[in-house]
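Examining the three-dimensional arrangement
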Amino acid sequence: MSVRPRTDADFPALAEALRGTHHADAYPSVWPADPAAFLAPPLTLGAWVAEVRGVPVGQVVLRAAPEPVPEWIAATGLPARKVAFLSRLLVAPESQGQGLARQLFRAAWAEARRLNRRAILDVQADAPAPIALYDSEGWARVATLPAPWTGADGRHPQIYVYVSPA
């Protein structure tokens, strides 16, 4: 198992990991029309993959805040130019339980610190495993809001907004 920067060659395997995560964990809650675009969103500052036996099985992305600043980022009370948000953290179901999500999470968080930015993230309120990870790493939950996206049921799920320790 290892974590390394993502390359373009990783996308086919990551799309399969995303498909497995969608079916097993309902992440993302609605299957994206373009999985590669979902995996590589705009404003990416860095991206890492977790590998098992040379095969990418998960990823995380670190992103800059968009303009206009979304409500959930504004809820942190931090200036948008001083934050970086962790996004698209996933590990294929067959590779979960090995600490890969934590390694990916820490890689992105370390890059945020290197960039002199405070790391933030959002997570659906009904996702106990990620919430346990963020809580165990000492991140602070600073807001509960309706998500800016709609779920498969057409409703906006509740999200928690987290900020990394200073």
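Quick caveat: nothing in here was measured; it's all calculated off a predicted structure.

Where helix α4 (residues 100–114) meets helix α5 (residues 128–136), the axes come as close as 11 Å, and the angle between the chain directions of the two elements is 55°. As judged from the angle between their axes, α4 and α5 are oblique. Note that α4 runs across α5; the crossing there is right-handed. Mapping the contact onto sequence places Ala101, Arg102 and Phe105 in α4 and Leu133, Tyr134 and Ser136 in α5. When grouped by side-chain class, the residues that make up the contact of α4 with α5 number 4 nonpolar, 1 polar and 1 charged.

Counting residues in hydrophobic clusters, the biggest one holds 34 residues, and the most contacted among them are Leu86, Phe105, Leu121, Val123, Tyr134, Trp139 and Tyr162. By residue number, the principal contributor to this core is α4, which donates 6 residues. Counting 13 residues, the second largest nonpolar core, distinct from the first, contains Ile73, Phe85, Ala143 and Val161.

Thresholds, definitions, all that
- Residues numbered from 1 in each chain as written.
- Predicted model: local features only at pLDDT ≥ 70, side-chain atom pairs only at ≥ 80, totals over all residues.
- Heavy atoms only, no water.
- Axes fitted to C-alpha atoms, helices over the stretch in contact; angles between N-to-C directions.
- Helix = DSSP H or I, 4+ residues; strand = E, 2+ residues; numbered from the N terminus.
- Parallel < 35°, antiparallel > 145°, perpendicular 65-115°, else oblique.
- Left-handed = near helix turned anticlockwise from the far one by under 90°.
- Contact = heavy atoms within 4.5 Å.
- Nonpolar A, V, L, I, M, F, W, Y, C, P; charged D, E, K, R; others polar.
- Core = buried A, V, L, I, M, F, W, Y, C linked by side-chain atoms within 4.5 Å.
- Buried < 20%, exposed > 50% of the residue type's maximum accessible area, 1.4 Å probe, protein only.

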